[in-house]
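Chain by chain, the residues run as shown.
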Amino acid sequence: MDGVAHVHLGKTGEWVFYLLRMKPPEGGYSAVADIRLNGLQECKLVLAAPLMTQPEGDEALKRKCIDWIERREAEADAASQSAESEAG
C-alpha cells in the first residue's frame, strides 16, 4: 500500500485527505481516502475501478473527496443559517 496527502482549503478550515492506494491482484485501481478536518477524521471514501489507471483513479478519488467536503460545508452553512433565522 502506498499513499499521498492532499490539502483543500475550505470555508471551515484546512481539510487534509490521504489517498491510500492498494494493488488489487486483478489490476485496475483501488484506494481509500481518509478525510480529516483539524486532525480529526470526518469520513472515509473508497474507489475501486478495474479499468482505471492510477493517475485516473487518483484524480477521480481526489474529486470525490473535494465534492464530499464541499457538500459537508454547504450543509453546515445551511444549518447555521437556519439556526440564525430561528434565533433572530
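Each chain carries its own residue numbering, running from 1 in the direction its sequence is written. Predicted model: local features are reported for residues with pLDDT of at least 70 only, side-chain atom pairs are reported and counted for 80 or more only, and whole-chain, interface and lining totals are derived from all residues. Calculated side-chain values reflect all of the structure's heavy atoms, with hydrogen atoms and water omitted.

A short note on the overall build of the protein
- Every helix listed is a DSSP run of H or I at least four residues long, and every strand listed is a run of E at least two residues long, numbered separately from the N terminus. Looking only at helices and strands, one finds 1 helix and 4 strands in the protein.
- Secondary structure elements in the protein, listed N-terminal to C-terminal, are β-β-β-β-α.
- As defined in this context, the radius of gyration uses C-alpha atoms, and a globule is described by 2.2 Å times the residue total to the power 0.38. The C-alpha atoms of the protein give 16 Å as radius of gyration, which overshoots the globular expectation for 88 residues (12 Å, by more than 25%).
- Its C-alpha atoms give the protein principal-axis dimensions of roughly 60 × 25 × 15 Å.
- The classification of residues rests on relative accessible area computed with a 1.4 Å probe and restricted to protein chains. Under 20% of the type maximum is buried, over 50% is exposed, and intermediate values are partly exposed. Residue burial in the protein is summarised as follows: out of 88 residues, 32% are buried.
- Accessible surface area values rest on a Shrake-Rupley calculation with a 1.4 Å probe, where residue burial reflects the displayed protein chains alone. Of the roughly 5,700 Å² of accessible surface on the protein, 55% is carried by carbon and sulfur atoms.

Notes on the nonpolar core
- One finds Phe17, Ile35, Leu45, Leu61, Cys65 and Trp68 to be the most contacted residues of the largest nonpolar core, which totals 16 residues.
- Listed by contribution, the elements that provide at least two residues to this core are strand E2 (13-22), strand E3 (29-37), strand E4 (40-49) and helix H1 (54-87).
- By definition in these notes, contact holds between two residues if any of their heavy atoms fall within 4.5 Å. In contact with Cys65, other than residues within four places in its own chain, are Phe17, Leu19, Ala33, Ile35 and Leu45. Buried residues of nine kinds, namely Ala, Val, Leu, Ile, Met, Phe, Trp, Tyr and Cys, make up a nonpolar core once their side-chain atoms join them within 4.5 Å.

Observations regarding the pairing of E3
- When you tally the buried positions in E3, you get 8 out of 9 residues, the bulk of the element.
- Where E2 meets E3, 8 bridges bridge the pair, whose relative direction is antiparallel. Residue pairing across strands places Met22 opposite Ser30, the latter belonging to E3.
- Here E3 runs beside E4; their pairing, made up of 9 bridges, is antiparallel. Within E4, the position partnered with Tyr29 by the bridge is Ala49. Two strands qualify as a pair provided that DSSP identifies no fewer than 2 bridges between them.

Observations concerning the pattern of salt bridges
- The salt bridge definition used is simple: a Lys or Arg side-chain nitrogen within 4 Å of an Asp or Glu carboxyl oxygen. If you walk through the whole model with that rule in mind, you get 7 salt bridges.
- A salt bridge links Lys11 to Asp77, with the nearest nitrogen and oxygen atoms 3.1 Å apart. Of this pair, Lys11 sits in the loop between strand E1 (2-10) and E2 while Asp77 is found in helix H1, placing the two residues 66 residues apart along the sequence.
- Note on Lys11: relative accessible area 68%, which makes it exposed.
- By relative accessible area, which is 27% here, Asp77 ends up partly exposed.
- Linking Glu59 and Lys62 is a salt bridge whose minimum nitrogen-to-oxygen distance equals 3.4 Å. Of this pair, Glu59 and Lys62 both sit in helix H1, separated by 3 residues, roughly a single helical turn.
- Classification of Glu59 as partly exposed rests on a relative accessible area of 46%.
- For Lys62, a relative accessible area of 22% puts it in the partly exposed group.
- The network of salt bridges with common partners includes Arg63, Asp67 and Glu70.

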